[in-house]
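Structural overview
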Amino acid sequence: MTFTERQKPQFDLKKWTHFLALGFGSGLAPKAPGTFGTLAALPLIYLQSLLIPQLALIWVLFVFVLGCHVCGQTAKDIGEHDHGAIVWDEVAGYSLAMWCIPFQWQYILLGFLLFRFFDIVKPWPIRVLDKKVHGGFGIMIDDMLAGFFSWLILFVLVQWQAFS
């Protein structure tokens, strides 16, 4: 194999860890898999919005811990850290961004745009975590921080009743 050739990773959607890590298969989108992974979170975010804040936070933490396992295992299985198709970190990050935010199209759209901005641009300290922390936790933590920054902005807007 030459340096320009790259072996395609062998994902197995029959493995529950791969299925979740790939955002129910959305990470296999040929272009912008992170964006499709973020969109795949919408049904979960809707269900999350029906929970009381404490249970919603427990849900977000569960999604994060589960993600550390499934993303880490999938990366290990394919032999590549944080492959672009692994998008459960986007599911978890967007879930955090939407914690206790009204499930209204304006907030959903703004949350999506904010989260994608922080996830793609990776301003400090997100960039540091992305480069320095490895394994399943490393795959997840930069997106969780992007989700937190997005949530902070959304929370302020909700308090100001920006879309009411």
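Residues numbered from 1 in each chain as written. Predicted model: local features only at pLDDT ≥ 70, side-chain atom pairs only at ≥ 80, totals over all residues. Heavy atoms only, no water.

**Points about the packing of helix 4 (residues 53-78) against helix 5 (residues 88-97)**
Let me state the cut-off plainly: To define axes, lines are fitted to C-alpha atoms, for helices over the stretch in contact only, and angles between the resulting N-to-C directions are given on a 0 to 180 degree scale. Under the DSSP-based scheme used, a helix requires at least four consecutive residues in state H or I and a strand at least two consecutive residues in state E, with every element numbered from the N terminus. By the definition adopted for this analysis, an angle is roughly parallel if under 35 degrees, roughly antiparallel if over 145, roughly perpendicular if from 65 to 115, and oblique otherwise. For a crossing to be left-handed, the near helix must be turned anticlockwise from the far one by less than a right angle; the clockwise case is right-handed. Contacts are assigned to residue pairs that have any heavy atoms within 4.5 Å of one another.
It is at 9 Å that the axes of helix 4 and helix 5 come closest, and there the two elements cross at 165 degrees. Overall, the two elements helix 4 and helix 5 adopt an arrangement that is roughly antiparallel. Between helix 4 and helix 5 lies a crossing of left-handed hand. Together, Val 60, Val 63, Phe 64, Leu 66, Gly 67, Val 70 and Cys 71 of helix 4 and Trp 88, Asp 89, Ala 92, Ser 95 and Leu 96 of helix 5 make up the contact between the two elements.

**Structural notes on the packing of aromatic side chains**
Applied cut-off: Pairs were defined over the aromatic rings of Phe, Tyr and Trp, the Trp ring being its six-membered one, requiring ring centres within 6.5 Å. Orientation was assigned from the angle between planes: stacked under 30 degrees, edge-to-face over 60, tilted for the rest. Summary of the burial criterion: residues with accessible area below 20% of their type's maximum are buried, those above 50% are exposed, and those between are partly exposed, where the area comes from a 1.4 Å probe applied to protein chains only.
Tallied over the full model, the rule gives 13 aromatic pairs. Arranged with centres 5.2 Å apart and planes meeting at 65 degrees, the rings of Tyr 46 and Phe 103 form a pair that is edge-to-face. You can see Tyr 46 sitting in helix 3 (residues 42-49) and its partner Phe 103 sitting in the loop between helix 5 and helix 6 (105-121), a full 57 residues away along the chain. Overall, the relative accessible area of 34% leaves Phe 103 in the partly exposed class. Geometrically, the ring pair formed by Phe 64 and Phe 137 is edge-to-face, given 5.9 Å between the ring centres and 75 degrees between the ring planes. You can see Phe 64 sitting in helix 4 and its partner Phe 137 sitting in helix 8 (residues 135-159), a full 73 residues away along the chain. Residue Phe 64 is classed as buried on the basis of its relative accessible area of 14%. For Phe 137, a relative accessible area of 43% corresponds to the partly exposed category. Put simply, the rings of Trp 99, Phe 117, Phe 118, Phe 148, Phe 149, Trp 151 and Phe 155 touch in pairs and so form one group of aromatic residues.

**Some thoughts on a nonpolar patch on the surface**
What counts is decided by this rule: Patch building starts from residues that exceed 30% relative accessible area and form no salt bridge, then joins like charges within 9 Å and nonpolar side chains (Val, Leu, Ile, Met, Phe, Trp, Tyr) within 5 Å. Residue exposure ignores everything except the shown protein chains as possible cover, and the areas themselves are Shrake-Rupley values with a 1.4 Å probe. Each reported salt bridge corresponds to a side-chain nitrogen of Lys or Arg within 4 Å of a carboxyl oxygen of Asp or Glu.
A contiguous nonpolar patch, built from Leu 13, Phe 19, Phe 24 and Leu 28 and spanning about 330 Å² of accessible area, is present on the exposed surface. The residue Phe 24 is located in the loop between helix 1 (16-21) and helix 2 (33-40) in this model. Judged by relative accessible area, Phe 24 falls into the partly exposed class, the value being 36%.

**Quick notes on the environment of Trp 99**
Here Trp 99 shows up in the loop between helix 5 and helix 6. Separated by 48 residues in sequence, Trp 99 and Leu 51 have C-alpha atoms that sit 9.9 Å apart. Contacts of Trp 99, omitting those with residues within four sequence positions, involve Gln 48, Pro 53, Ala 56, Leu 57 and Trp 151.

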